Amino acid sequence: MNDMRPAERAVTTKDIKFECRNCDVYYGDTHAIKDVSVDVEDKTVTAFIGPSGCGKSTFLRCLNRMNDTIDIARVEGTYLLDGEDIYDKRVDPVQLRAKVGMVFQKPNPFPKSIYDNVAYGPRIHGLAKNKSQLDEIVEKSLRRAAIWEEVKDRLAAPGTGLSGGQQQRLCIARAVATEPEVLLMDEPCSALDPIATSQVEELIDELRENYSVVIVTHSMQQAARVSQKTAFFHLGSLVEFGQTGQIFTNPKDPRTESYITGRIG
Amino acid sequence: MPIFWLILIVLAIAVVGYILGRARAMRDAGGDIRKLHSLPSYYGANVALKAAVPAFLLMIVWLLVQPIYVTSAVSGLIPDGEGTSRAEHGLVMAEVRRTADGLKNAVAGGAMSETVARDPNADPDEVTQRLKDAGQIITSQITTPVLNAAQRYRDLNATGGLLMTAGVLILSVIGMLWGIRENRADFRARNVVERGVRALLIGAASIAILTTVGIVLSLVFNTIEFFRLYPAADFFFGLNWAPSFSGRGGSSELGVVPLLWGTFYISLVALLVAVPIGLFAAIYLSEYASPRMRAIAKPMLEVLAGIPTIVYGLFALLTVGPLLLSVFGKDGLGWMQAGTAVMTAGLVMGIMLIPFVSSLSDDIINAVPQAMRDGSYGLGATQSETIKQVVLPAALPGIVGAILLAASRAIGETMIVVLGAGAAARLSLNPFEAMTTVTAKIVSQLTGDADFASPEALVAFALGMTLFVLTLGLNVLALYIVRKYREQYE
Ligand SMILES: Nc1ncnc2c1ncn2[C@@H]1O[C@H](COP(=O)(O)OP(=O)(O)O)[C@@H](O)[C@H]1O
Ligand SMILES: [Mg+2]
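Residues numbered from 1 in each chain as written. Chains lettered and ligands numbered in written order. Predicted model: local features only at pLDDT ≥ 70, side-chain atom pairs only at ≥ 80, totals over all residues. Heavy atoms only, no water.

Caption draft 1: How the structure looks around the sheet that holds strand β2 (residues 30–41) of chain A. Residue and element names in this part refer to chain A. In spatial order, the strands read β2-β1-β4-β5; together these four strands make up an open sheet with antiparallel pairing. Edge positions in the sheet fall to β2 and β5 (84–85), since each of these pairs with one other strand and no more. The pairing of strand β4 (residues 73–81) with β5 spans two bridges and is antiparallel. Its bridge partner being in β5, L81 is matched across the sheet by E84. (Pairing = 2+ DSSP bridges. Helix = DSSP H or I, 4+ residues; strand = E, 2+ residues; numbered from the N terminus.)

Here's what the structure looks like:
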């Protein structure tokens, strides 16, 4: 086995960021994720698609242990981030979440100023030595999220006063500010209009240069546009996982095909 | 006929009307519900409303007007020699009323025959004796004018009651018949009932508003009366509270400042106890406690809110006071003279307010959307960081509102102060001294043989007005703060 891996690497030329094996999630008696194994590559956008309720969000939330905040959720399986088990007892979920950032379906800026929203993560993790460094981080993050030009004159205004698309980019800036290695996005565009959506999509494409991005989406066009790898979930199981182009043009599983052609929805 | 029975009969008429009206509409539609404009129950309700509402309105108006009429009719019978001043006249009228009641009860109990009770020439001494024997409360010897007035009073009341009964019943039946006549198949019963319900709700709302207006007006008039007798400047800026009880209008000093200071000081101590404890309890309950813990702890905290304040007062007097005294009193630090003190009342009042603050804050914290917490956890914040930096700021306007509400309860609290803080009005900074508050003084000025025309009694209304303005201001401030933060954050 050990000899195999370098060879495999050479072919894909990308590092594996997340290696998930035989994952199961239960909410009380509900079996929400059934024996899923997925590899998430570095500097790649991986899309999770599937009909609603199939467990995409649940699986995504396993990757930064957000399911820990749900009392009835029980997570099983191995989740290796850079080869280390994130569910190991020695791993602090709080620190893990600084490394694996998350953007939610509905924009959820804090009831604070735009500046404080972005500075929130750097402040709690002590990433800035002084005010000017913090200013720098805030500006850099807002620029990366492609919203700097729109808000640079009103950094003290409340983040909740922005439009939906701006709020979502602010949330992305906020997530980026903590310098995560992986960015998880749960339907980041479902509450946005088409223009804001295309802005966020462009942004995701840029983020790929630095991060590994995992995006849940219910829009197949979006998955096709932004992702390199696609995983198709159905009823809690991973049906198919592969290159996005292959999934959309030449799916191996009949269920994938019927979902993509609109017969399961 | 007792009012109770009258009400029952009207209700019975309404029920009968409901059934008849429903049946009539069904008959008109030939038993086919689809031909009716509204559901059958609306036709019934239409009749029931028409049978009950006007009748009850008449009854209420009658009950309000009749005593006024009877009193004015009877008071003419009392010769001027019997009651000269207004106050004495009032006393005589009270005697008349008592005699009338006595006669009624005596006749009902069989101790006196109806003829004797009605005889205008009956011997007053004998009547007095008979009434006393029958166990009726008569304060003094009945005189002939009083007896006659009482008899007239009884007469008028009896006739009035009879007329009212007849009027109410007739009106109810007429309403019922009218409603039944209306109930054709195409009658829009649903709309009529809808309007009736709306009128009923408006009525309830206006009663509430009118009562408030009435209370405020009575406060205002009595306050004005007080300021006519006592200079306003002395009241608002006087540093001394020393009402004289013996001499009428003597040299009372009625300065409100010491009372306001006491109110403020005790409330401050109470809030210093209640706000941190209540808030932390709320945070624990809403953010940390397991569902099972929460299900047990929350009701238990709320039991505190159900304890009558007089019990808190006893707790202050018998437990907290002596406890504090043993630490800060002569045997301890020597700061405290007696068990009653600002500290005693403030601590106990603070305990009383804990469930108030915690319950309101808990609801408010729970109302902060989970998405806020998720956002913070998703950035790698710990639970306490999330609470401190995201949840509490988002909940702040509501929490400030809760605190101000608790403050206005503290300002209005009476029993704990009476029992825990003492009765001495004092301007002092020492929290271990006895002080008193506006509310406690209102009570003490009005209990006992108060002469309601003296400034010593009327000052209670000025105090009440001050308190009212204070709490009103506090509530307006709370609303303002809540609204301002809302604008900023949503
Ligand atoms: N907090 C929760 N408690 C109980 N069941 C949940 C919870 N979240 C999700 N589920 C259940 O898990 C399944 C997968 O949900 P989810 O991961 O949100 O699906 P998706 O994001 O693909 O629409 C659904 O059947 C859903 O009802
Ligand atoms: Mg989802």
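Caption draft 2: Representation of the pattern of salt bridges in the model. Residues and elements named next belong to chain A. Applying the stated criterion across every chain, the model contains 26 salt bridges over all chains. Put simply, D68 and R65 hold a salt bridge, and the shortest N to O gap is 3.0 Å. Linked by salt bridges that have partners in common, E139, R143, E149 and K152 make up one network. (Salt bridge = Lys/Arg side-chain N within 4 Å of Asp/Glu carboxyl O.)

Caption draft 3: Up close: the packing of aromatic side chains. According to the stated counting rule, one finds 19 aromatic pairs over all chains in the structure shown. Seen from their ring centres, B:F227 and B:F236 are 5.8 Å apart, and the 40° between their planes marks the pair as tilted. The partly exposed category is assigned to B:F236, whose relative accessible area is 39%. Of the aromatic side chains, those joined through ring pairs into one cluster are A:F48, A:F59, A:Y79, A:Y87 and A:F233. Above the ring of A:Y26, the side-chain terminus of A:R74 is found at 4.4 Å from the ring centroid. Positioned above the aromatic ring of B:F356 is the side chain of B:R409, whose terminal nitrogen or guanidinium carbon lies 5.0 Å from the ring centre. (Phe/Tyr/Trp six-rings, centres within 6.5 Å; stacked < 30°, edge-to-face > 60°. Buried < 20%, exposed > 50% of the residue type's maximum accessible area, 1.4 Å probe, protein only. Lys NZ or Arg CZ within 6 Å of the ring centre and 35° of its normal.)

Caption draft 4: Main features of the pairing of strand β10 (residues 237–243) of chain A. Residue and element names in this part refer to chain A. Relative to β10, strand β9 (residues 229–234) is paired through six bridges, and the arrangement is antiparallel. Paired with F233 across the bridge in β10 is L238. Counting the residues that bridge the hairpin from β9 to β10 gives two residues, and of these L235 lies at a positive phi of roughly 50°.

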